[in-house]
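Architecture and fold: a report
Here is how the chains run, residue by residue.
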Amino acid sequence: MSAGPAVDPRGPRFAAVVTTVVLAIVLITSWWPLLAVQAVVFAIGAFVGLKPAPYSILYRKLVAPRLGPTTEREEAAPLRFAQAVGFVFAVVGTLGYAFGSTPVGVVATAFALLAAFLNAAFNFCLGCEMYLLIRRFTPQAS
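Here's what I pulled together on the structure shown here. Small disclaimer: the values here were computed from a predicted structure and weren't measured.

**Details of the nonpolar core**
Judged by nonpolar contacts, the single largest core of 15 residues is most densely connected at Leu23, Val26, Leu35, Tyr55 and Ala90. When contributions to this core are tallied by element, the ones reaching two or more residues are α1 (10-29), α2 (32-48), α4 (76-98) and α5 (102-122). For this core, the element with the most residues is α2, which contributes five residues. Setting aside its immediate chain neighbours within four residues, Ala90 contacts Leu35, Ala39 and Phe42. Judged by nonpolar contacts, the second largest core, of seven residues, contains Val7, Ala76, Cys125 and Cys128.

Okay, here's the thing in structure tokens:
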């Protein structure tokens, strides 16, 4: 997973807002196909890149032009790791709901919702913090 170029930090926060809404709808309705779609969105962000991710495209086309440019940038690698963590929870939740284990679906979706909400409301990226902790305690190749 390459880090990719640095990104406008407002984009991931916008994506977190959309993700929060999507995951809240899933928790309220138990509609697992919507969670499966969210898993695909996470997968694109994690494994293809942030630029082609659907919420990134929405941000660039609809929101960013109204905000104006920013000089602030964030490293992409922690954000992509956070997307991968979200992907895992969304897949587990989708499988839980789809195969009749609603409690598994609810718990996995709730964990993903909590992480998305923390980013959307408080600009605290739980997956990014996990990435940084893992990097800190993992020996680096020289």
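On we go.
**Re the side chain of Asp8**
Along the chain, Asp8 turns up in the segment before α1. By relative accessible area, Asp8 is classed as buried at 13%. A polar side-chain atom of Asp8 sits 2.9 Å from a polar atom in the side chain of Arg10. In terms of polar contacts, Asp8 uses its side chain to reach the side chain of Tyr59, at 2.9 Å. Excluding residues within four positions of it along the chain, Asp8 makes contact with Tyr59, Thr70, Glu72 and Arg73.

**What about the packing of α1 against α2?**
Closest axis-to-axis distance for the α1/α2 pair is 9 Å, and the angle between their directions is 150°. Overall, the two elements α1 and α2 adopt an arrangement that is roughly antiparallel. Two packed elements cross with a definite hand, and for α1 against α2 that hand is left-handed. From α1, Thr19, Val22, Leu23, Ile25 and Val26 reach across to α2, where they touch Leu34, Leu35, Gln38 and Phe42.

What counts and what doesn't
- Residues numbered from 1 in each chain as written.
- Predicted model: local features only at pLDDT ≥ 70, side-chain atom pairs only at ≥ 80, totals over all residues.
- Heavy atoms only, no water.
- Core = buried A, V, L, I, M, F, W, Y, C linked by side-chain atoms within 4.5 Å.
- Buried < 20%, exposed > 50% of the residue type's maximum accessible area, 1.4 Å probe, protein only.
- Helix = DSSP H or I, 4+ residues; strand = E, 2+ residues; numbered from the N terminus.
- Contact = heavy atoms within 4.5 Å.
- Polar contact = N/O pair within 3.5 Å; in protein donor to acceptor, adjacent residues only side chain to side chain.
- Axes fitted to C-alpha atoms, helices over the stretch in contact; angles between N-to-C directions.
- Parallel < 35°, antiparallel > 145°, perpendicular 65-115°, else oblique.
- Left-handed = near helix turned anticlockwise from the far one by under 90°.

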